[in-house]
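Each chain is listed here by its residues.
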Amino acid sequence: MLISQQMNDRLNDQINFEQYSSHTYLAMSAAFEKMGLKVFADYYRKHADEEREHAMKMFDYVVDAGGTVVIKAIDEPKGDWNSVEKIVQQTLEHEILVTKRINDLVELAEQEKDYATRSFLQWYVDEQVEEVSTAEQLLTLVKMAGDNILYLEHRISQMA
Ligand code: OFO
């Protein structure tokens, strides 16, 4: 096995967290469907699919590194599903949390001189820059739109 048992366990935790991210964005998508904001709903649904891809990319890496993938229960997403601004604010906070988790994994890889995992994780480091930036932009737009949230849907479709 190319990776330590500790790294294997932490990657399994992150696979679970990426799936939790997917679950969370799917819950948000459902909330937007309920509000009749179809473009927001589609955008979040696509984001949910991307999070599942992040989980599967890590799944494949653990397999390739000779580790063992362990699939665990996914927590139920929680949030205020009635407010567009609160959902987008939660998205930003979630992506900041994911960034911290990826950075912690990078730190462990460097401590263990595990350069294969360090290299693998760079994709996630770069992805998080984009995800945090997109969530920040979205939150700014939502705050500016105020009650005119429907006008934002066209802009969101361009960001997707
Ligand atoms: Fe997996 O990038 Fe967002 O959370």
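Conventions adopted
- Residues numbered from 1 in each chain as written.
- Predicted model: local features only at pLDDT ≥ 70, side-chain atom pairs only at ≥ 80, totals over all residues.
- Heavy atoms only, no water.
- Helix = DSSP H or I, 4+ residues; strand = E, 2+ residues; numbered from the N terminus.
- Buried < 20%, exposed > 50% of the residue type's maximum accessible area, 1.4 Å probe, protein only.
- Contact = heavy atoms within 4.5 Å.
- Axes fitted to C-alpha atoms, helices over the stretch in contact; angles between N-to-C directions.
- Parallel < 35°, antiparallel > 145°, perpendicular 65-115°, else oblique.
- Left-handed = near helix turned anticlockwise from the far one by under 90°.
- Nonpolar A, V, L, I, M, F, W, Y, C, P; charged D, E, K, R; others polar.
- Salt bridge = Lys/Arg side-chain N within 4 Å of Asp/Glu carboxyl O.

Draft legend 1. Main features of the environment of Ile 71. Summarising the element assignment, Ile 71 is placed in the loop between helix H2 (38-64) and helix H3 (84-111). Looking at Ile 71, the relative accessible area reads 52%, which means it is exposed. Separated by 55 residues in the primary sequence, Ile 71 and Asn 16 have C-alpha atoms spaced 7.0 Å apart. Beyond its immediate chain neighbours, meaning those up to four positions away, Ile 71 contacts Ile 15, Gln 19 and Phe 59.

Draft legend 2. Structural context of unusual backbone geometry. A positive phi angle, near 50°, is found at Lys 113, a position not held by glycine. Checked against the element boundaries, Lys 113 lands in the loop between H3 and helix H4 (115-145).

Draft legend 3. Local environment of the packing of H2 against helix H5 (residues 152-159). At a minimum axis separation of 8 Å, H2 and H5 run at an interaxial angle of 25°. Here H2 is positioned roughly parallel relative to H5, judged by the angle of their axes. Considering the relative orientation of H2 and H5, their crossing is left-handed. In this structure, H2 uses Lys 38, Val 39, Phe 40 and Tyr 43 to contact H5, whose residues at the interface are Leu 152, Glu 153, Ile 156, Ser 157 and Met 159. Looking at the contact of H2 with H5 residue by residue, the class counts come to six nonpolar, one polar and two charged.

Draft legend 4. The arrangement of the packing of helix H1 (residues 5-35) against H2 in detail. Interaxial distance between H1 and H2 falls to 8 Å at its minimum, and their mutual angle equals 170°. Relative to H2, the element H1 lies roughly antiparallel. Along this stretch, H1 crosses H2, giving a crossing that reads as left-handed.

Draft legend 5. View of the pattern of salt bridges. Summed over all chains, the structure comprises six salt bridges. Residue Asp 13 pairs with Lys 72 through a salt bridge whose shortest N-O separation is 2.8 Å. Of this pair, Asp 13 sits in helix H1 while Lys 72 is found in the loop between H2 and H3, placing the two residues 59 residues apart along the sequence. With a relative accessible area of 38%, Lys 72 lands in the partly exposed category. For Glu 50, the salt bridge is made with Lys 46, and the minimal N-O distance between the two is 3.7 Å. You can see Glu 50 and its partner Lys 46 sitting in helix H2, four residues apart, about one turn around the helix.

By themselves, these observations are geometric and do not establish any function.
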